[in-house]
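Working through the structure, step by step
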Protein chains: 2
Amino acid sequence: MEEKEISQAVIGRLPRYLRYLGELKDEGIERVSSQELSDIMQATASQIRQDLNTFGGFGQQGYGYNVGYLYDEIRKILGIDKEHRLIIVGAGHLGQALVNYTNFERRGFIFRGIFDCNPEICGEQIRGITVRPMEEMAGFIRENDIDIAVLTIPKTSAVEVAKKLSDCGIKGIWNFAHVDLPVPAYIQVENVHLSDSLMKLSYNLSSVREESEADRKVDGNGQNR
Amino acid sequence: MEEKEISQAVIGRLPRYLRYLGELKDEGIERVSSQELSDIMQATASQIRQDLNTFGGFGQQGYGYNVGYLYDEIRKILGIDKEHRLIIVGAGHLGQALVNYTNFERRGFIFRGIFDCNPEICGEQIRGITVRPMEEMAGFIRENDIDIAVLTIPKTSAVEVAKKLSDCGIKGIWNFAHVDLPVPAYIQVENVHLSDSLMKLSYNLSSVREESEADRKVDGNGQNR
DNA sequence: AAATTCTTGTCAATTGATTGACACAACCCT
DNA sequence: AGGGTTGTGTCAATCAATTGACAAGAATTT
């Protein structure tokens, strides 16, 4: 399918390009040059051109990039032009919060089922979706052609559940549990380790340099450096 | 304070080291070599030594690293040996989920206040913490010596609130809103862009190579590559 | 229609991160 | 106490990512 391996660094920037392109589109702007994008996004124009060119020549010399076209192409590259079917495993606070966050659905990530090991909450509805017992999970995944399982369970049971998930043919796991999941390499795992993120913030707080205290200038950019 | 800039790549790995060291500690293991750590963590021994050595010589030749000592030192480096005081801005599902997630408190991140612009839910209690109106936020931050604000509000109001926060002397922002925050460089921002993460997963799903389908071997590692 | 400007795609240079190799210090066993 | 072993700290080499530079194609102006 692919020729050369594309670095995760590039992939990681695509959603951000998509976000800014979406904003330009909403403003009715039809064309944009790498230089203009670079100004609003706080990235080098060279990097933008390099990144986009990894996937093909989307631009045109003397013109730049067509916003709408580029937007659609990046969506295709990311595979979000098609729907994804997800289940939540773990109906705790976080699991419920994710189900209630409608933006995912708008981007084509559809929650189809919710599973929990606590029999007391099984049968309850969250945003119209019934909470089911874990025993029904394997069958549900196969019958409903589920792509992605969202793991919002404590680390203690996460490894065991991940094993179960890989046995019944899940393709990807969005892992909020604070463990590394030992799954076969053909299953994609995307970790969201919230406490790791918070610790990084903590480090950066304590290591604020004097120099930066001195010349207090606006950065204009919010992403990780 | 610091001599040479330490790369975010290194910082990003420290929480993971800490996690594995904590597990070793719980198992009662007192010493570990970079080689042993490398085996369980799926990283090269060289990288582990290089990373740790960035902050000083924690190990000893012929012995390895003392698990407890190294654990404490990494905690100090990350600045999580001291308490941090946080507020949540945005008492929606996600904000509530974070408040209810007790693991943060166990690591020294203490939620002190919750703020929301919706007057209807102001006055309510979430895990013993009263939801207050946004007008009280600036005063509260100063009076309670708040370090970190957690932004769990829609992107539409995030930039405005971030401005407010930087005006009243917040040091760090843990940003769950889907925008880049234009704050002064001396304010640390750590972004958790959930939909970006989900899009990365989507990409990796669609780009699974045939080769990896072929030789289905266990990776043993769950983190991003 | 020619001249000028714009702006990509791409190659080369640089910068940064990871891995490998090894000298030497500390440990452990006899 | 001495010799073999272990395993760090560190330097060098490799590998990867980012930035800079520019030729050439397309658009726009005159």
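Residues numbered from 1 in each chain as written. Chains lettered and ligands numbered in written order. Predicted model: local features only at pLDDT ≥ 70, side-chain atom pairs only at ≥ 80, totals over all residues. Heavy atoms only, no water.

**Points about the protein's contact with DNA strand D**
Every one of the 26 residues lining DNA strand D counts as a neighbour, but R13(A), S46(A), Q50(A), S34(B) and N53(B) are closest to it. R49(A) places a side-chain nitrogen or oxygen 3.2 Å from a base nitrogen of DNA strand D. For the surface near DNA strand D, the elements supplying multiple residues, two or more each, are α3 (45–53) of chain A together with α3 (45–53), β2 (59–60) and β3 (64–66) of chain B. With four residues, the single largest contributor to the surface near DNA strand D is α3(A). Looking at the surface near DNA strand D, its residues break down into three nonpolar, 18 polar and five charged. (Near = heavy atom within 4 Å. Polar contact = N/O pair within 3.5 Å; in protein donor to acceptor, adjacent residues only side chain to side chain. Helix = DSSP H or I, 4+ residues; strand = E, 2+ residues; numbered from the N terminus. Nonpolar A, V, L, I, M, F, W, Y, C, P; charged D, E, K, R; others polar.)

**Here we look at the domain arrangement of chain A**
On domain assignment, one finds that chain A holds domain 1 (8–78) and domain 2 (84–192). Averaged C-alpha coordinates put domain 1 of chain A and domain 2 of chain A at centres separated by 32 Å. (Domains from an automatic or database assignment.)

**Considering the protein's contact with DNA strand C**
In the vicinity of DNA strand C, 27 residues are found, and the nearest of them are S34(A), N53(A), R13(B), S46(B) and Q50(B). At a separation of 3.3 Å, a phosphate oxygen of DNA strand C approaches a polar backbone atom of F58(A). With respect to DNA strand C, the backbone of G62(A) contributes an N or O atom lying 3.0 Å from a sugar or linking oxygen. Elements supplying a minimum of two residues to the surface near DNA strand C: α3, β2 (59–60) and β3 (64–66) of chain A together with α3 of chain B. Among the elements that line the surface near DNA strand C, the one with the most residues is α3(B), at four residues.

**Here's the deal with the sheet that holds strand β8 (residues 148–151) of chain A**
Residues and elements named next belong to chain A. Spatially, the seven strands line up as an open sheet ordered β6-β7-β5-β4-β8-β9-β10, and their pairing is mixed. If you trace the sheet from one side to the other, it starts and ends with β6 (125–126) and β10 (188–191), each paired once. Strand direction decides the pairing type here: strand β5 (residues 109–116) and strand β7 (residues 129–133), joined by three bridges, are parallel. Its bridge partner lying in β7, F115 is registered against R132. (Pairing = 2+ DSSP bridges.)

**Notes on the interface of chain A and chain B**
Opposite the 78 residues of chain A that make contact, chain B presents 78 residues. Across the chain A/chain B interface, buried area totals approximately 7300 Å², and carbon plus sulfur atoms make up 59% of it. Measuring nitrogen to oxygen at the nearest pair gives 3.7 Å for the salt bridge that ties D180(A) to R19(B). Taken together, the connections running from chain A to chain B amount to 20 residue pairs in polar contact (both at pLDDT 80 or more). Elements with a minimum of two residues in the side of chain A that touches chain B: α1 (8–26), α4 (67–78), α5 (93–100), β9 (172–175), β10, α9 (194–206) and α10 (210–214) of chain A. Here the side of chain A that touches chain B is built from residues that sort into 36 nonpolar, 23 polar and 19 charged. (Contact = heavy atoms within 4.5 Å. Buried area = accessible area lost by both parts, 1.4 Å probe. Salt bridge = Lys/Arg side-chain N within 4 Å of Asp/Glu carboxyl O.)

**Regarding helix α4 (residues 67–78) of chain B**
Think of an α-helix as 3.6 residues a turn; residues three or four steps apart then line up on the same face. Its 12 residues place the ends of α4(B) 16 Å apart at the C-alpha level, agreeing with the 16 Å of an ideal helix rising 1.5 Å per residue. Along α4(B), the residues that are buried comprise V67(B), L70(B), Y71(B), E73(B), I74(B), I77(B) and L78(B). Around the axis of α4(B), the buried residues are gathered within 165 degrees of arc, so they sit on the same side. Residues of α4(B) that are buried sit in contact with α9 of chain A together with α1 (8–26), β1 (31–32), α3 and β3 of chain B. Where α4(B) begins, one side-chain oxygen reaches toward the backbone nitrogen of G68(B), 3.1 Å away; that side chain belongs to N66(B). Just downstream of α4(B), G79(B) is the residue with a positive phi angle, here 75 degrees. (Expected span 1.5 Å × (residues − 1). Buried < 20%, exposed > 50% of the residue type's maximum accessible area, 1.4 Å probe, protein only. Arc of directions from axis to C-beta.)

**Quick notes on the state of the cysteines**
All names here are of chain A. This structure, assessed with the given rule, holds zero disulfides over all chains. Sulfur of C117: no disulfide; nearest cysteine sulfur belongs to C122 and is 8.2 Å away. For C117, a relative accessible area of 68% translates into the label exposed. (Disulfide = S-S within 2.5 Å.)

**Details of the sheet that holds β2(B)**
Residues and elements named next belong to chain B. Strand order in the open sheet formed by three strands is β1-β3-β2, and the pairing between neighbours is antiparallel. Lying at the two open borders of the sheet, with one neighbouring strand each, are β1 and β2. Note that β1 and β3 share two bridges and pair antiparallel. Across the sheet, the residue bridging to R31 is N66, located in β3. Those strands touched by α4 are β1 and β3, and its axis lies near 70 degrees from that of β3. (Axes fitted to C-alpha atoms, helices over the stretch in contact; angles between N-to-C directions.)

**Considering the packing of aromatic side chains**
Residue and element names in this part refer to chain A. Evaluated as defined, the whole model comprises 12 aromatic pairs over all chains. Measuring from ring centre to ring centre gives 5.6 Å for F104 and W174, while their planes differ by 90 degrees; the resulting arrangement is edge-to-face. In this pair, F104 is assigned in helix α6 (residues 103–106) and W174 in strand β9, connecting sequence segments 70 residues apart. Residue F104 is classed as buried on the basis of its relative accessible area of 0%. Ring geometry for W174 and F176: centres 4.9 Å apart, planes at 70 degrees, overall edge-to-face. Neither W174 nor F176 differs from the other in exposure class; each is buried. An aromatic cluster of three or more residues is present, and its members are Y101, F104, F111, W174 and F176. Here the guanidinium or amino end of R31 rests over the ring plane of Y63, the centre of that ring lying 4.5 Å away. (Phe/Tyr/Trp six-rings, centres within 6.5 Å; stacked < 30°, edge-to-face > 60°. Lys NZ or Arg CZ within 6 Å of the ring centre and 35° of its normal.)

**Some thoughts on unusual backbone geometry**
Phi is mostly negative for residues that are not glycine, and the peptide bonds are mostly trans. A positive phi angle, close to 45 degrees, is found at R127(A), a residue other than glycine. You can call R127(A) partly exposed: its relative accessible area is 36%. If you check the backbone angles, D145(B) has positive phi at about 55 degrees while not being a glycine. Among the structural elements, D145(B) can be located in the loop between α7 (137–143) and β8 (148–151). The class for D145(B) is partly exposed, based on a relative accessible area of 43%.

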